[in-house]
Structure formats: structure tokens, C-alpha cells
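These are the residues of each chain, in order.
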Amino acid sequence: MAIEKYSNKGLGEAKWSFPPVHPEGRKFALISAAITAVFAFFAWETLAWPMAGVTIWVLAFFRDPKRVTPLDDKYIVAPADGLVNLIMPVVPPVELQGEGGLGDEELIRVSIFMSVFDVHINRTPIEGTVKRQAYISGKFLNADLDKASDENERQHFMVERNDGLKVGFTQIAGLVARRIMSFVKEGDFVAVGQRIGLIRFGSRVDVYLPKGTTPNVVLGQRTIAGETVIAEIGTMKEIEGIGQ
């Protein structure tokens, strides 16, 4: 894949294009399209038109748009598109604790809820090496609930930079999500904003900010994976927002 660099100097040009569909979604779109074609062949219009809509929705769900990630060592970027629905101090999951992990003291957790209409490709908040990866089977509660972090099917990651900074994040399945996929494994080096996985059909991603860091986002704010700066490392400040 070609890498394009942009800056705020205004040099160069950015063009809009239709976002591609991730390969994981193409088989579902083909199945839906085939069913639509069968209904249309037999002139079952009351079934064909809804199925055509389902096909379009599947293509939209698995869209994989290009993102422009800000390159600054201070930034932690959003791992998911969606709504910031929870911000709270919590002890990291046991899978991310232990020697070389995030520790067992409270860290600020930022939770981003993805509806079935959001892009579901997840990206890494920082660059570094994937030091931890752990999949846990579980329930399929509403991902909007706080307890989903402990009870739902989930997959934990911890990425460590060369300077020792660590950020943990967790993919959490939701009510209709039935598969969490990973594109990386332990030991892989990932660039900030790199695609690391996806969750099918509605879910949530939790991010555990380093100690001494507070969020740059507020409850109710929408984030864009790989682009929105959700925190600046080592920065402690209170931010307020207004819904309008």
C-alpha cells in the first residue's frame, strides 16, 4: 500500500475517493447480492428491494476508508470510530497487568462505542511492539454497558514504544457482534494508526491511558479511528464540551 504524507504547510493535494471494502466483508456482500439476484429473478420485489438494501449496508459496514494519522510522539489516537460513552478511572484487566504490563493501579479508561453504522476497522493508538495479546470468550451484553469490559467476549492488546511507554486497549464484542478478528500478533511492530483488527456488527473499544495522562475528548464526542487525538501523553487538564 502506498504511503502518502501530508502536513499543515498546505503542500500537495488530497482527493476524495470511495472507500474500499475490507476483504472480510466481501463474502457477506456476495452472499447478500446473490440472494437479492434470486429474488429479483423470480420478481419477488417485496423481498428483492429489502435484500438490496441489506447488500448496500453490508458493503458500508465493512468499508475501510483511508485515514491521515497525525505524527507526534505526544499523541494517542483513537483506535475506533464511534461515540465516547465512558470515561472513568479503573484498574486495567488482569491480562494487561503483571510484570512488564500496565500495573494494578487505576488508569483512565476511555471507551468508544461503535454502532452498526460506524466503520469497524480498529487501529493502534501508538506505534510500538505488540507485547500482549489475549483473547477471552464471554457474553454478548450491550457494549454500551460498563460491565461489558469484564463480561463480554473481548481481545486485549498492549503496545510498548521503544522508550518504554505502554498503552493497552481492548476490542469488546456487543449484542450482535459474533467475531473479533486480529490482523497482528504478539511481537509485531505496528505504526500509529495501523489497522490491527475488526469486530463484526456492533461493539466497543476501551483504551487505557498512561499514568499522568487525561483524555483530550469528552463524553458524547465522536472519534475517527487513526485520526482523532484522544490524549496527549503526560498532559493533565480538564476539558468541557457542549452538545448543540
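Note that the coordinates shown come from a computational prediction; the quantities given were computed from them, not determined experimentally.

Colleague: Would you mind showing me how to read the sheet that holds strand β10 (residues 195–199) here?
Modeller: Strand-to-strand pairing in sheets goes through backbone hydrogen bonds, with the strands running parallel or antiparallel. The strand order across the open sheet formed by 3 strands is β4-β10-β8, and the pairing between neighbours is antiparallel. The open sheet has two edge strands, β4 (121–123) and β8 (180–182), and neither has a second partner. On average, each strand axis in the sheet is inclined to that of its neighbour by 25°, with strand direction left out of account.

Colleague: Explain the pairing of strand β3 (residues 107–114) to me, please; I cannot follow it from the model alone.
Modeller: For a regular strand, side-chain orientation follows a simple rule: the groups alternate between the two sheet faces. Counting buried positions over the 8 residues of β3 gives 6, a clear majority of the element. When strand β2 (residues 82–90) meets β3, the two strands line up antiparallel, connected through 7 bridges. Along β3, the bridge assignment pairs L86 with S111.

Colleague: What exactly am I supposed to notice about the environment of K166 here?
Modeller: Within the secondary structure, K166 sits in strand β7 (residues 166–173). Once the C-alpha coordinates of K166 and K131 are considered, the two residues, 35 residues apart in sequence, prove to be 9.1 Å apart. For K166, the contacting residues outside a window of four places in its chain are G100, G101, L102, M158, V159, E160 and P210.

Colleague: In this structure, what is going on with the pairing of strand β6 (residues 154–160)? I would like to understand it.
Modeller: Here β6 lies mainly inside the structure; 7 of its 7 residues are buried. Across the two faces of β6 the burial is the same, with R154, H156, M158 and E160 and Q155, F157 and V159 all buried. By the bridge criterion, 7 bridges tie β6 to β7 in an arrangement that is antiparallel. Across the sheet, residue F157 finds its bridge partner in β7, namely F169.

Colleague: Before we go on, may I ask you to explain the packing of aromatic side chains in this structure?
Modeller: When we look at a pair of aromatic rings, we describe it by the centre distance and by the angle of the planes. All chains considered together, the criterion is met by 5 aromatic pairs. Relative to F169, the ring of F157 has its centre 5.2 Å away and its plane inclined at 15°; by these criteria the two rings are stacked. Of this pair, F157 sits in strand β6 while F169 sits in strand β7; the two residues are 12 residues apart in sequence, bridging distant segments of the chain. Judged by its relative accessible area of 1%, F169 falls in the buried class.

Calculation notes
- Residues numbered from 1 in each chain as written.
- Predicted model: local features only at pLDDT ≥ 70, side-chain atom pairs only at ≥ 80, totals over all residues.
- Heavy atoms only, no water.
- Pairing = 2+ DSSP bridges.
- Helix = DSSP H or I, 4+ residues; strand = E, 2+ residues; numbered from the N terminus.
- Axes fitted to C-alpha atoms, helices over the stretch in contact; angles between N-to-C directions.
- Buried < 20%, exposed > 50% of the residue type's maximum accessible area, 1.4 Å probe, protein only.
- Contact = heavy atoms within 4.5 Å.
- Phe/Tyr/Trp six-rings, centres within 6.5 Å; stacked < 30°, edge-to-face > 60°.

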